[in-house]
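Descriptive analysis of the structure
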Amino acid sequence: KDGLRADVEFLPQGMSPFADMIHDMCKTGFLNATSVGFRGMEADPAKDRKGGYDFKKQELLETY
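Below you will find a few notes about this structure. Not measured: the values here are computed from a predicted model.

What counts, and where the lines are drawn
Residues numbered from 1 in each chain as written. Predicted model: local features only at pLDDT ≥ 70, side-chain atom pairs only at ≥ 80, totals over all residues. Heavy atoms only, no water. Helix = DSSP H or I, 4+ residues; strand = E, 2+ residues; numbered from the N terminus. Rg over C-alpha atoms; globule rule 2.2 N^0.38 Å. Areas by Shrake-Rupley, 256 points an atom, 1.4 Å probe, with all protein chains shown as cover. Expected span 1.5 Å × (residues − 1). Contact = heavy atoms within 4.5 Å.

Scanning the protein for helices and strands turns up one helix and two strands. Counting helices and strands in the order they occur from the N terminus, the protein gives α-β-β. Taken against the 2.2 N^0.38 rule, which gives 11 Å for 64 residues, the C-alpha radius of gyration of the protein at 16 Å runs more than 25% over that of a compact globule. By principal-axis analysis of the C-alpha atoms, the protein measures approximately 45 × 20 × 15 Å. About 6200 Å² of surface is accessible on the protein, with carbon and sulfur atoms providing 54% of the total.

Structural data, given as C-alpha cells:
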C-alpha cells in the first residue's frame, strides 16, 4: 500500500565519473525516481480502477 522503497549505495566518490554524476543528480533532486523490472507472482484484478492488477507478491529482477 505504500509503494516500493529502496536504499541505494553508490561507489566511493572518484571511482566512477558516471556514478558520481548520478549521485549528484539524486542529491540535488534532479533525479528522484527509478524504474524496476519484476516478475508478478500473485495478483488480483484492480478493484479501484479500470484495468490492471494489484500485485500481492512479486520478485524484484532489476532496478534502474
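On to the environment of Thr-34, then. As for its placement among the helices and strands, Thr-34 is situated in the loop between helix H1 (17-28) and strand S1 (36-45). The sequence separation of Thr-34 and Ala-6 amounts to 28 residues, and the corresponding C-alpha distance is 9.9 Å.

This part covers H1. The periodicity of an α-helix, 3.6 residues per turn, causes residues three or four places apart in sequence to face the same way. When the terminal C-alpha atoms of H1 are compared, their 17 Å separation across 12 residues agrees well with the 16 Å that a helix rising 1.5 Å per residue should span. Among the residues trailing H1, Gly-29 stands out with phi positive, at a value near 90 degrees.

Relative to the elements of secondary structure, Glu-62 occurs in strand S2 (residues 53-63). For Glu-62 and Phe-38, which are 24 residues apart along the polypeptide, the C-alpha to C-alpha distance reads 6.9 Å. Among residues more than four places away in sequence, those in contact with Glu-62 are Ser-35, Val-36 and Gly-37.

Shape descriptors only; they carry no functional weight alone.
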